[in-house]
Amino acid sequence: MLTLIVAPGWGGVAENYLETGRLALESGHYGEATTAFIQAYESSTTGSQTKESSQFYLIKTYLKLGDSKEAIQTCQILLQRNPQSPAMDDLQYLLGKWYYDRNNLTEAQQYLTSLTSQYKDSPYRAKGFLYLMWIGHRNDDDSLLESSFNSILKEYPGSPDEATAYCEKARFCINKNDWVSAESIYQKVLKDYPNYRWGKAEAYKGLSEIRMHQSNYDEALIYINNIRNLGINDKWNLQCDDMEIYCYTLKKEYPIAIAKLQKMIGATVTSSELQPQYLYRLGNLYLKNNQLTQAKSNYQQVISNYSSSNWAVLSKEGVNAIDKIQKGDER
């Protein structure tokens, strides 16, 4: 049942339906949001901001529901009703990102190209070029990658978007094992964008990967600590923990890696989707450190508690490997 929210200071029914829809959308009640936005559209005045907003949010809700057909139809209705709608650049970006996230790169490229070519004042345009860079990389389309990259450099000089573009370009270089070019780009980001924390974090992350590739583990750990010192958020801190464990594993300092991963497991709630992965990885570390009993115990925890996960399948392989080792020892 739809409950109409009467917002203080709002005089119209359409505006109240719009607010009701927004609240429902934010809370994940997409059916209620759909009803509210349709009512906001039907009760709003032609040409009003409420009519434009109601269709924009309705399209966003359809995408949340995974109903791209209704989203596209609603977008076409909006375009036919008002070809100059101020919501169109938002929608081009929204649809492009939606298709990209679902690996439909052809559709994603179509919407993002329309965004970047038609809406030059859009706040989403730079992000559109960044997505086109990723599409170029994933499709091995160097022309699209380079043209999108150069557009950002030309049109958004000195901006965080430019720093992000450099970081993405460096990431592509790492993916192609072009470590020299990647290092040069990351060093440029550190030099030219000293106040952009995300860019610095990405540069430190990339440089730590390069140092690990070079077996320079001590310097890799310094770069990881540099990320942590930026104090960005818990997600980045978790990445630092993961990278440290990987670095100590490459160094074959398994006891340190084991202790760090145990600490991560202790900080992770039992229901977390990360828990079976961490337990499996801990089993692998014990196995590398020739602690077969502990390794088998971790694998069996995954098999018992997370039987439907892919980590359980991998853990069974780990148990089988240990059984073969132990049988060989018995002989």
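The structure we're discussing is the one just above.
J.: I'm lost on the overall build of the chain in this one. Help?
T.: From N to C terminus, the chain includes 17 helices and zero strands. Computed over the C-alpha atoms, the radius of gyration of the chain is 25 Å, more than 25% above the 20 Å expected from 2.2 N^0.38 for a compact globule of 331 residues. For the chain, the C-alpha atoms occupy an extent of roughly 85 × 50 × 35 Å along the three principal directions. Taken across its 331 residues, the chain has 46% of its residues classed as buried. Within the chain, counting contacts between residues at least 6 apart in sequence, those at least 24 apart form 48% of the total. For the chain, the exposed area adds up to about 17400 Å²; of that, 48% sits on carbon and sulfur atoms.

J.: What should I look at first to understand the pattern of salt bridges in this one?
T.: A side chain with one charge can pair with a side chain of the opposite charge if their charged atoms come near. A full pass over the atoms with the stated rule returns 17 salt bridges. Linking Asp192 and Lys188 is a salt bridge whose minimum nitrogen-to-oxygen distance equals 2.8 Å. Of this pair, Asp192 and Lys188 both sit in helix α10 (residues 179-192), four residues apart, roughly one helical turn. On the basis of relative accessibility, which here comes to 33%, the residue Asp192 falls in the partly exposed class. On the basis of relative accessible area, Lys188 is assigned to the partly exposed category, the value being 31%. A salt bridge links Arg228 to Glu244, with the shortest nitrogen-to-oxygen separation between them at 3.1 Å. Placement of Arg228 in helix α12 (residues 217-230) and of Glu244 in helix α13 (residues 234-250) is noted, with a sequence separation of 16 residues between them.

J.: Would you take a moment to explain the side chain of Ser114 for this structure?
T.: Within the fold, Ser114 resides in helix α6 (residues 105-118). With near-sequence residues (within four places) excluded, Ser114 lies in contact with Gln92 and Tyr119.

J.: Please explain the packing of α13 against helix α15 (residues 274-288) as it appears in this structure.
T.: How two helices pack is summed up by the angle between their axes together with the distance between the axes. Where α13 meets α15, the closest approach of the two axes is 12 Å, and the angle between their N-to-C directions is 20°. Considered as vectors, α13 and α15 are oriented roughly parallel to each other. As α13 packs across α15, the resulting crossing turns out to be left-handed. From α13, Leu238, Asp242, Ile245 and Thr249 reach across to α15, where they touch Leu274, Tyr278, Arg281, Leu285 and Lys288. Of the residues belonging to the contact of α13 with α15, the class tally is five nonpolar, one polar and three charged.

J.: Even after reading the chapter, I still don't get the environment of His213, so can you show me in this structure?
T.: Within the secondary structure, His213 is located in helix α11 (residues 197-213). Taking the C-alpha atoms as reference points, His213 and Leu250, 37 residues apart in sequence, are found 9.6 Å from one another.

J.: I keep staring at the side chain of Ser54 and nothing clicks. Help me out?
T.: Along the polypeptide, Ser54 turns up in helix α3 (residues 49-64). Residue class for Ser54 comes out buried when judged on its relative accessible area of 0%. At a separation of 2.8 Å, a polar atom in the side chain of Ser54 contacts the main-chain carbonyl oxygen of Lys51. Discounting residues that sit within four places of it in the chain, Ser54 has contacts with Leu18, Phe37, Ala40 and Tyr41.

J.: Just to check I follow, could you spell out the state of the cysteines for this structure?
T.: Throughout this description, disulfide means a covalent bond between two cysteine sulfur atoms. Across all of its chains, the model carries zero disulfides by this definition. Unpaired in this structure, Cys240 has its nearest cysteine sulfur neighbour in Cys247, at a distance of 12 Å. The class for Cys240 is buried, based on a relative accessible area of 0%.

J.: Please clarify how helix α2 (residues 30-43) should be interpreted in this entry.
T.: Side chains three or four residues apart in an α-helix point the same way, a direct result of the helix having 3.6 residues per turn. In a regular helix each residue adds 1.5 Å, so 14 residues correspond to 20 Å; α2 covers 20 Å between its end C-alpha atoms and thus fits that length. Buried within α2 we find Ala33, Thr34, Ala36, Phe37 and Ala40.

Parameters at a glance
- Residues numbered from 1 in each chain as written.
- Predicted model: local features only at pLDDT ≥ 70, side-chain atom pairs only at ≥ 80, totals over all residues.
- Heavy atoms only, no water.
- Helix = DSSP H or I, 4+ residues; strand = E, 2+ residues; numbered from the N terminus.
- Rg over C-alpha atoms; globule rule 2.2 N^0.38 Å.
- Buried < 20%, exposed > 50% of the residue type's maximum accessible area, 1.4 Å probe, protein only.
- Contact = heavy atoms within 4.5 Å.
- Areas by Shrake-Rupley, 256 points an atom, 1.4 Å probe, with all protein chains shown as cover.
- Salt bridge = Lys/Arg side-chain N within 4 Å of Asp/Glu carboxyl O.
- Axes fitted to C-alpha atoms, helices over the stretch in contact; angles between N-to-C directions.
- Parallel < 35°, antiparallel > 145°, perpendicular 65-115°, else oblique.
- Left-handed = near helix turned anticlockwise from the far one by under 90°.
- Nonpolar A, V, L, I, M, F, W, Y, C, P; charged D, E, K, R; others polar.
- Polar contact = N/O pair within 3.5 Å; in protein donor to acceptor, adjacent residues only side chain to side chain.
- Disulfide = S-S within 2.5 Å.
- Expected span 1.5 Å × (residues − 1).

On their own, these measurements won't tell you what the molecule is for.
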